[in-house]
Amino acid sequence: MASSLTTFTDEARIALDTLSGRAAGLFSPTLRLGVTGLSRAGKTVFISALVHNLLHGGRLPLFEAQKSGRIARAYLEEQPDDAVPRFQYEDHIATLVEQRLWPDSTRAISELRLTIEYESASGWGRMFSAGKLSLDIVDYPGEWLLDLPLLGKSYADFSREAFEMAELPVRTDLSKDWRTLSAAIDADADADEVTARRLADGFAAYLKACKLDDRALSTLPPGRFLMPGDLEGSPALTFAPLPPGEERRARPGSLRAMMERRYEAYKTHVVKPFFREHITRLDRQIVLIDALQALNAGPGAMADLERAVTEILACFRPGRGNFLTDLVSRRIDRILIAATKADHLHHESHDRLQAIVRRLADRAIARANFTGADVDVVAMAAVRATREGTVKQGRETLPVILGTPLAGETIGGQAFDGKTETAIFPGDLPEKVDSVFETSNGHRQDDVDPAIRFVRFRPPKLERTAEGVTLSLPHIRLDRALQFLIGDRLA
């Protein structure tokens, strides 16, 4: 699908941008790593933990360059793109370490350059390698990525699909007010700003309700309706789908014509520049997903998460080029799909979580007809907020996790205060992977345990050495993620 998102002129501009970037990187190799995911999947935490562990020599036994002692040092440098906000690493680390709070979610694009000086593992490499790699980390909301399929859809297609989605069992009650409002509107009447605003507000309210914890839905375009940024209140965001009508051209001056014009403006001025200026410049990509939140909400949320991953994969440009093609075109050759918050489960369930994500990814890859790049999955926690233990319950010994639940989190009617450490048995993930995707009339199947609940925890209290030095942030499989994403470039 990615090939249908640009015009010949777009491709020419992309080629010139790529050629310029390659020329600048001849004597200073760079790798652009895209970090995305849907809200609260942990993008900010992942980047902060990655940088913190590399800067402070964290324990990364599966990251070969670190394990073998070939990394001389890692340090932050000025980012290359002056028009892109800097990822505020220092602020986020202060929030995590000093306040033991999770940093604010990603709401716009940001970037950070981390340079790694290393020694190649081979004599040939030491002879010809610069021994230095600049890792440009690009952080952007997954909700914006889900807008890219709109570039290949007309307003009529967008409207039809929006109403089809709104009528799914997991969404129908949430969309009722917006659908009722839309049904009462004469789309062929004269355009009216007040009516347009009411429809846009109603549609946005429905999308925001889908995002709440009890539904945890993922496929919610247009993404800027959830994260408008500096576009809030602009005409480009004041539109909404209208009930499908006759397949004919909208009457000039009508409400339908206004909505269609604003939808096209949204694609032209918001979506297309994002794709051209950011997505087409990536070399590697990690997609973070909060599978536990979707599991909490049931099979409807899992099916929607799979749909979102499918559309995300379809937006990338996968493949491997050669020296000549790489000069004018970047292709993503490795993508990691990571289920975050593995620390919310006992390690005995980690393999099951990874199997669930593998199944989700395999189905998404097949549906997106995605080929040309290595795709891997991992269950991880960029910052480990819990420890493991056991508790006795009668004659039974239960594996538990110990941590400090966030204030307001509840289990079985018990509310947590955000200060008290608690032992929690979250339950076991089902052995049958298919069961988490299956529904019966939109409801959870009987063989999926409805008692499995996951709560969010505060960041851990970091230990200090005898000299008072704060240790690096603990994690689960961050090293494995690093090895897959950049390990070959440090060989």
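Since the model is a prediction, treat every value here as computed from it, not as a measurement.

Examining the pairing of strand E5 (residues 284–289)
Part 1: Among the six residues that make up E5, six are buried, leaving the element largely enclosed by the rest of the structure.
Part 2: Here E5 shows no split at all, with Arg-284, Ile-286 and Leu-288 on one side and Gln-285, Val-287 and Ile-289 on the other all buried.
Part 3: Across five bridges, the pairing between strand E1 (residues 30–37) and E5 is parallel. Pairing of Leu-33 across the sheet is with Arg-284, part of E5.

Things to note about the confidence of the model for the protein
Detailed reading of predicted coordinates is not advised where the pLDDT is low.
Part 1: Per-chain confidence: the protein averages 86 in pLDDT, with 86% of residues scoring 70 or above.
Part 2: Confidence drops under a pLDDT of 50 for residues 440–451, and excluding neighbours within four residues, the segment shows 16 contacts in the predicted structure.

Focus: the pattern of salt bridges
Part 1: Going through the model one piece at a time under the given rule, you end up with 34 salt bridges.
Part 2: In this structure, Arg-70 engages Glu-64 in a salt bridge whose closest nitrogen and oxygen atoms are separated by 2.6 Å.
Part 3: Using a relative accessible area of 36% as the deciding quantity, one classes Glu-64 as partly exposed.
Part 4: Between Asp-81 and Arg-281 there is a salt bridge, and its shortest N-O distance comes to 3.4 Å. Pair noted here: Asp-81 is in the loop between strand E2 (71–77) and helix H4 (89–97) and Arg-281 is in the loop between helix H10 (255–277) and E5, with a separation of 200 residues, a long-range link.
Part 5: On the basis of relative accessible area, Asp-81 is assigned to the buried category, the value being 15%.
Part 6: When salt bridges with common partners are traced through the structure, they connect Arg-32, Asp-81, Glu-111, Arg-113, Asp-136 and Arg-281 into a single cluster.

Structural notes on the sheet that holds E5
Part 1: Strand order in the open sheet formed by seven strands is E2-E3-E4-E1-E5-E6-E7, with mixed pairing between adjacent strands. If you trace the sheet from one side to the other, it starts and ends with E2 and strand E7 (374–379), each paired once. Sheet twist, expressed as the average angle between the axes of neighbouring strands with direction ignored, equals 20°.
Part 2: As paired strands, E5 and strand E6 (residues 334–339) are joined by six bridges and run parallel to one another. Among the inter-strand pairings, Leu-288 is bridged to a residue of E6, identified as Ala-338.
Part 3: Each of E1, E2, strand E3 (110–118), strand E4 (132–139) and E5 is contacted by helix H2 (residues 43–55), which is oriented at about 160° to E4, the strand it contacts most.

What counts, and where the lines are drawn
Each chain carries its own residue numbering, running from 1 in the direction its sequence is written. Residue-level local features of this predicted model are given only where pLDDT is at least 70; pairs of side-chain atoms are given and counted only at 80 or more, and the full residue set underlies all totals for whole chains, interfaces and linings. Side-chain figures throughout are based on the complete set of non-hydrogen atoms in the structure, without hydrogens or water. Note on classification: 1.4 Å probe, protein chains only; a residue is buried when its accessible area is under 20% of the maximum for its type, exposed when over 50%, partly exposed between these limits. Note on conventions: DSSP H or I runs of at least 4 residues are helices, E runs of at least 2 residues are strands, and numbering of each starts at the N terminus. Should DSSP find at least two bridges between two strands, the strands are taken to pair. How sure the predictor is of each residue is captured by pLDDT, a score from 0 to 100. Throughout, a contact is declared for two residues whenever any of their heavy atoms are within 4.5 Å. Here, a salt bridge means any Lys or Arg side-chain nitrogen found within 4 Å of an Asp or Glu carboxyl oxygen. Only the contacting stretch of a helix is used when fitting its axis, a line to C-alpha atoms as for every element, and angles between N-to-C directions run 0 to 180 degrees.

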